[in-house]
Amino acid sequence: MNVMRTFVMTVLCLLAAQVALAKAPAKSLRPAARPVGITTYMPRQSGVPVYYNARIRPKPRPVFASNAQYRGRVEAHPDVAVFLRGPPGLQRSLRPKARPKNMRLIVARADVTPVSGSAEVRGPKRGSVCGDRGIRGQAVGRVRGRINACGIANAVKVTSVDGVALSTPATLDCTTAKALKQWVHNGAKPAVGRMGGGIKSLRVVAHYACRNRNNQRGGKISEHAKGRAIDIAAINLNNGTSLTVLGDWRTRRKGAVLKRMHKAACGPFGTVLGPNANKYHQDHFHFDTARYRSGSYCR
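Report on the accompanying structure. Computed from a predicted structure; not experimentally measured. (Residues numbered from 1 in each chain as written. Predicted model: local features only at pLDDT ≥ 70, side-chain atom pairs only at ≥ 80, totals over all residues. Heavy atoms only, no water.)

**Some points on the state of the cysteines**
Keep this limit in mind: Note on terminology: pairs of cysteine sulfur atoms within 2.5 Å are recorded as disulfides. In DSSP terms, a helix is any run of H or I states spanning at least four residues, a strand is any run of E spanning at least two, and both are numbered starting from the N terminus. Whether a residue is buried, partly exposed or exposed follows from its accessible area with a 1.4 Å probe, protein chains only, as a fraction of its type maximum: under 20%, in between, or over 50%, in that order.
This structure, assessed with the given rule, holds three disulfides. Through a disulfide, C150 is tied to C210; the S-S separation comes to 1.8 Å. On the sign convention where negative is left-handed, the bridge of C150 and C210, at about 75° about the S-S bond, is right-handed. Of this pair, C150 sits in the loop between strand 4 (132-144) and strand 5 (151-161) while C210 sits in the loop between strand 7 (199-206) and strand 8 (229-237), and the two are 60 residues apart along the sequence. Between the sulfur atoms of C266 and its disulfide mate C298 the distance is 1.9 Å. Here C298 lies in strand 12 (residues 297-298) and C266 lies in the loop between helix 7 (253-264) and strand 10 (271-273), a separation of 32 residues in the sequence. Look at C298 and you get partly exposed, because its relative accessible area is 28%.

**Section: the nonpolar core**
Within soluble globular proteins, side chains that are nonpolar tend to cluster in buried spots. The test is simple: Side-chain atoms within 4.5 Å link the members of a nonpolar core, which is a set of buried Ala, Val, Leu, Ile, Met, Phe, Trp, Tyr and Cys residues. Two residues form a contact once any of their heavy atoms are found within 4.5 Å.
One finds L180, W183, L202, M261 and F287 to be the most contacted residues of the largest nonpolar core, which totals 37 residues. Secondary structure elements with two or more residues in this core: strand 5, strand 6 (164-173), helix 5 (174-192), strand 7, strand 8, helix 7 and strand 11 (285-288). In terms of residue count, helix 5 provides more of this core than any other element does, eight residues in total. Look past the residues within four positions of M261 in its chain and what remains in contact with it is W183, G187, A188, A191, V192 and I235. V143, C150, C210 and A225 belong to the second-largest nonpolar core, a separate cluster that totals seven residues.

**So, the pattern of salt bridges**
Selection criterion: Salt bridge, as applied in this entry: a Lys or Arg side-chain nitrogen positioned within 4 Å of an Asp or Glu carboxyl oxygen.
Under the definition given, this model contains three salt bridges. A salt bridge links D132 to K181; the shortest N-O distance between them is 3.0 Å. Taken as a pair, D132 in strand 4 and K181 in helix 5 lie far apart in primary sequence, 49 residues in all. For the pair formed by D132 and K181, the shared burial category is buried. Ionic pairing is found between E223 and R228, a salt bridge with its closest N-O pair at 3.8 Å. Judged by relative accessible area, E223 falls into the buried class, the value being 6%.

**Thoughts on the pairing of strand 7**
Where we set the bar: At least two DSSP bridges between two strands are needed for those strands to be called paired. Place the viewer so that the strands point away; then a crossover is right-handed whenever the path from the first strand over the helix to the second strand goes clockwise.
In this structure, strand 6 lies alongside strand 7, joined through two bridges in parallel fashion. From the neighbouring strand, L166 faces strand 7, where its bridge partner is L202. Assessed by its sense of winding, the connection that carries the chain from strand 6 through helix 5 to strand 7 is left-handed. With six bridges joining them, strand 7 and strand 8 adopt antiparallel strand pairing. In the sheet register, L202 faces strand 8, and the bridge partner there is I235.

**Some details on helix 7**
Stated precisely, the cut-off is as follows: What a helix is expected to span follows from its residue count: subtract one and scale by 1.5 Å. Throughout, the arc means that of the directions going from the helix axis to the C-beta atoms.
Under the 1.5 Å per step criterion, the end-to-end length of helix 7 is 17 Å for twelve residues, consistent within 8% with the ideal 16 Å. Those residues of helix 7 that fall on the buried side of the exposure criterion are G255, V257, L258, M261 and H262. Across the axial projection of helix 7, the buried residues extend over an arc of 160°, all falling on one side. Looking at helix 7, the residues exposed on the side facing more than 90 degrees away from the buried face are R253 and K263. Summarising the contacts, the buried residues of helix 7 are in contact with helix 5, strand 8, strand 9 (242-244), helix 6 (245-248), strand 10 and strand 11.

**Things to note about the environment of V192**
Along the chain, V192 turns up in helix 5. Each C-alpha atom of the pair V192 and K254 lies 9.0 Å from the other, and the pair is 62 residues apart in sequence. Non-local contacts of V192, meaning those with residues more than four positions away in its chain, are made with G198, I199, L237, L243, V257 and M261.

**Things to note about the packing of helix 5 against helix 7**
Short version of the rule: Axis angles are defined between N-to-C directions and span 0 to 180 degrees, where every axis is a line fitted to C-alpha atoms and, for a helix, only to the segment in contact. Between 65 and 115 degrees an angle is taken as roughly perpendicular, under 35 as roughly parallel, over 145 as roughly antiparallel, and anywhere else as oblique. Left-handed describes a crossing whose near helix is turned anticlockwise from the far helix through less than a right angle; right-handed describes the clockwise counterpart. As a working rule, the residues Ala, Val, Leu, Ile, Met, Phe, Trp, Tyr, Cys and Pro are called nonpolar, Asp, Glu, Lys and Arg charged, and the rest polar, with Gly in that last group.
Running from amino to carboxyl end, helix 5 crosses helix 7 at an angle of 165°, the nearest separation of the two axes being 8 Å. In terms of orientation, helix 5 and helix 7 fall into the roughly antiparallel class. Once helix 5 is placed against helix 7, the crossing between them reads as right-handed. Across the interface between the two elements, W183, G187, A188, A191 and V192 from helix 5 touch V257, R260, M261 and A264 from helix 7. Along the lines of polarity and charge, the residues of the contact of helix 5 with helix 7 split into seven nonpolar, one polar and one charged.

**Considerations on unusual backbone geometry**
The phi torsion at C130 lies on the positive side, around 60°, for a residue other than glycine. C130 gets classed as buried once you look at its relative accessible area, which sits at 17%. One non-glycine residue, D162, lies in positive phi territory at about 50°. Secondary-structure assignment places D162 in the loop between strand 5 and strand 6.

This is the structure in structure tokens:
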């Protein structure tokens, strides 16, 4: 029995040796010894030739497709235009240009006036007067009256203030025009609020006129004769209705609105007259910027 087992084991060992010899490498994996006498590194020489000036080298891609040889391809295949033109680039340099020498003249003529810092102050808008974007109209210049007491040195013809139109252009000086805008913005609009959709226009019944006060003979020269006064008879609303001084001053709701507007004019204007002042102002408000008063006179 032992002899038989030894025989089988011997046969198996011989078979395994034959299989191992069949898969053995043709050459030993052990690196060959370096030749005697070589002390420096010698790179391995490649047997594949390299041609640096070969004709098969690719040509560079054209930058623009405007050449005649590529125009047909772009028209036939629009999707290829992107590849022919190459990657998108900047059309203008990001480097800032030098400031022109006449910078002050350019800024003076521009609509936007830069100031120190990052903020900007917008200058007068075209069509505005008195250096205020909220006062629209036309500069008139000097207005001469028929007598020396009348006239305006630098008159303007105002058509709207703070977005509210005037029923007729009013010839005023800039001080009165600015006071009118201040009253509309801080007094008239808040007093009306949302009633009737807000204010649309002001019904102007008097502005510059070379005359006496209340058109009375022998009286003092009116502030109208100096372009310092304006008379307003009604406030027209966006829904087509109006607040009239003559018809609504003594009513409950609309009268309260008119009284708030009358009170708000005391401050921007030097003189404010209404129906409670006298018989001459039953149908309109009189606003003026008389220079001689130390404070507002409101009635």
